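The lines below spell out each chain.
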Amino acid sequence: VNPHLRVVQPGASFVSLGSIVDAAERRFPNSIVQALILQERPEDSVGVYLQSRSDEESEFDQVFFNPYDRAFLGGRSTSRLVFDREHLDPMIDRLHYSLWLNTWGLWLMGIVAGVWLVTSMVGVALAWPGLWLRIVGWRPVLSARTDRGSYQANYQFHRAAGVWFLPVLLVLAFTSFYQNLPQFIRPIVHVFSPLAERPLGRPLPDGAPMVSPDKAVESLKERFPNARPSSIGRDLSSGRYSILFHLPGDVSPLGENWAFVDVASGELMDVKLTATSSAGDRFLTWIFPLHTGTAFGMPGRIVIALAGVVLVGLMVTGFYVWGVKWRMRRRARHFHSRVAAGL
């Protein structure tokens, strides 16, 4: 959609991450760099998230640079609703999880996901055949016929598609609920398996020198030579870099491990590795890769994409079946009222 922001011509060597941070803050003096999204492929640009130094909203909060020559490629706002090409993918992203309603939208979509989870289980209970131990009992549930009129065709498709895709839809509903309202899930998981806490750190005094993100990556590489950093967050209030990195065997292509580096000294403060984490942390690590399908590579993404199309079909057929039944009940009430009136 936006190759002028995302795609670059690979060069002979990379510029330093520190120079990209300096270039971003020189170009946008009223903002500070909050995070860097690093390359997955040689032709990828580097994404930079900006945070305003004041309460006034900046024009851009996401900008892109060429990692080979530090050239500025463009920017956009991920918080404002702007209808143009550059803002298309963040606009769709915010629509997906919050309907552009910020905190209210997160709650609304989280509640919808919870209702979706419950009604999916109610749906399979209604579709469960009496002869569930025999294949012949499942045959009408898992198939749909089109020769019995539009009502039966829609009803049977709704039931069959819902049962076929039930495992995927349950996963999508649960992971959606967690990502919007994790405050309800994390305490429950913590009861069964303690979750790790990030190190508190200490605020960096104003004007104090800080190491570059390149030094933070070097500290990570000294400990884990096979690490592939995906993103680097910079939090001056806690005085640390937070590096998300990938190790061989990780489920997510972006990695599942975190390294915390002191911004003043460049020393590795703490590391959170999925391989040595508690069962609760490992369980939550799977949430996003399962939601997007990346846990199982391209086949997983295709299944999730198909489930999205099926979900739309379930909505259309569900409304159709409900509408037919509503009209039939309305006609029946009207008929009985006329009979009662002696007409």
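Here, residues in each chain are numbered from 1, in the same order as that chain's written sequence. The model is predicted, so local features are restricted to residues of pLDDT at least 70 and side-chain atom pairs to those at 80 or more, both for listing and for counting; the totals for chains, interfaces and linings are taken over all residues. Neither water nor hydrogens contribute to the side-chain values; these are computed over all heavy atoms in the structure.

**Things to note about the environment of Thr 175**
So, step 1. Mapped onto the elements of the fold, Thr 175 is located in helix α7 (residues 166-180).
So, step 2. For the pair Thr 175 and Gly 74, spaced 101 residues apart in sequence, the C-alpha separation works out to 33 Å.
So, step 3. We call two residues in contact when some of their heavy atoms are within 4.5 Å. Dropping the residues within four chain positions of it, Thr 175 is found in contact with Ile 287, Leu 290 and His 291.
So, step 4. Here a polar contact is taken to be a pair of N or O atoms separated by no more than 3.5 Å, where protein atoms must pair a possible hydrogen donor with a possible acceptor and residues adjacent in sequence count only if both atoms sit in side chains. Engagement of the side chain of Thr 175 in a polar contact is seen with the side chain of His 291, the distance being 2.8 Å. Numbering of helices and strands runs from the N terminus, with a helix taken as a DSSP run of H or I at least four residues long and a strand as a DSSP run of E at least two residues long.

**A few points about the sheet that holds strand β6 (residues 240-246)**
In sheet architecture, strand pairing relies on hydrogen bonds along the backbone and comes in two forms, parallel and antiparallel.
So, step 1. When DSSP locates at least two bridges between a pair of strands, those strands are taken to pair. Within the open sheet, the eight strands sit side by side as β4-β3-β2-β1-β5-β6-β7-β8. Their pairing is antiparallel. Every interior strand has two partners, whereas the edge strands, β4 (72-76) and β8 (268-272), have only one. Direction aside, the axes of adjacent strands within the sheet are offset by 20 degrees on average.
So, step 2. Summarising the sheet, strand β2 (residues 46-52) and strand β3 (residues 62-65) pair through four bridges and their orientation is antiparallel. Counterpart to Gly 47 in the pairing with β3 is Phe 64.
So, step 3. Only C-alpha atoms enter the line fits that serve as axes; for helices the fit covers just the stretch in contact. Angles between N-to-C directions range over 0 to 180 degrees. Across the sheet, helix α2 (residues 17-27) lies against β1 (31-37), β2, β3, β4 and β5 (228-235), angled at about 145 degrees from β1, the strand it touches most.

**Considerations on a nonpolar patch on the surface**
So, step 1. Like-charged residues are merged into a patch within 9 Å and nonpolar side chains (Val, Leu, Ile, Met, Phe, Trp, Tyr) within 5 Å, provided each residue has over 30% relative accessible area and no salt bridge. Exposure was quantified through the Shrake-Rupley algorithm and a 1.4 Å probe, taking into account, for residues, occlusion by the shown protein chains and nothing else. Take a side-chain nitrogen of Lys or Arg and a carboxyl oxygen of Asp or Glu: if they are within 4 Å of each other, that pair is a salt bridge. Side chains of Leu 95, Leu 99, Leu 101, Trp 104, Leu 108 and Val 112 sit close together on the surface and give an oily, nonpolar patch of about 580 Å² of accessible area.
So, step 2. Broken down by element, the residue count for the nonpolar patch peaks at three residues, all from helix α4 (residues 102-127).
So, step 3. Relative to the assigned elements, Leu 108 resides in helix α4.

**Describing the confidence of the model for the chain**
So, step 1. For every residue, the predictor states its confidence as a pLDDT score lying anywhere from 0 to 100. Overall, the predicted model of the chain reaches an average pLDDT of 92, with 98% of residues at or above 70.
So, step 2. The spread of mean pLDDT over the elements of the chain runs between helix α5 (residues 135-138), the lowest at 76, and β3, the highest at 98.

**A few points about a positive patch on the surface**
So, step 1. We count Lys and Arg on the positive side and Asp and Glu on the negative side, and we leave His and both chain ends out. Taken as the charge centre is NZ of Lys, CZ of Arg, CG of Asp or CD of Glu, depending on the residue. Together, Lys 325, Arg 329, Arg 330 and Arg 333 make up a region of like positive charge exposed at the surface.
So, step 2. Position of Arg 330 relative to the elements: it lies in helix α12 (residues 297-340).

**So, the side chain of Thr 274**
So, step 1. Position of Thr 274 among the secondary structure elements: in the loop between β8 and α10 (279-285).
So, step 2. The class of Thr 274 is buried, set by a relative accessible area of 11%. Here's how the labels work: a residue is buried when its accessible area is under 20% of the maximum for its type, exposed when over 50%, partly exposed in between, all with a 1.4 Å probe on protein chains only.

**Things to note about the packing of aromatic side chains**
For any pair of aromatic rings, geometry is given as the distance between the ring centres together with the angle between the planes.
So, step 1. Note on aromatic pairs: the rings of Phe, Tyr and Trp (six-membered ring only in Trp) are paired at centre separations within 6.5 Å, and the planes decide the class, stacked below 30 degrees, edge-to-face beyond 60, tilted for the rest. Evaluation of the coordinates by the stated rule reveals 11 aromatic pairs.
So, step 2. Where Phe 174 meets Phe 283, the ring centres are 6.1 Å apart and the plane angle is 45 degrees; that geometry is what we call tilted. Of the two residues, Phe 174 sits in helix α7 while Phe 283 sits in helix α10, which places them 109 residues apart along the sequence.
So, step 3. Given a relative accessible area of 40%, Phe 283 falls into the partly exposed group.
So, step 4. Where Trp 286 meets Phe 296, the ring centres are 6.3 Å apart and the plane angle is 50 degrees; that geometry is what we call tilted. Highlighted residues: Trp 286 in the loop between α10 and α11 (287-292) and Phe 296 in the loop between α11 and α12, separated in sequence by 10 residues.

**Considering the nonpolar core**
So, step 1. What is meant by a nonpolar core is a set of buried Ala, Val, Leu, Ile, Met, Phe, Trp, Tyr and Cys residues, joined one to another through side-chain atoms within 4.5 Å. Of all hydrophobic cores here, the largest spans 32 residues; its most connected members are Leu 36, Val 48, Phe 224 and Phe 245.
So, step 2. A total of five residues in this core trace back to one element, the largest contributor, which is α2.
So, step 3. The residues contacting Leu 36, other than those within four sequence positions of it, are Leu 17, Val 21, Val 46, Gly 47, Val 48, Pro 213, Ser 230, Ser 231 and Ile 232.
So, step 4. Grouped together as the second largest cluster of nonpolar side chains are nine residues, Ala 113, Leu 195, Leu 284 and Ile 287 included.

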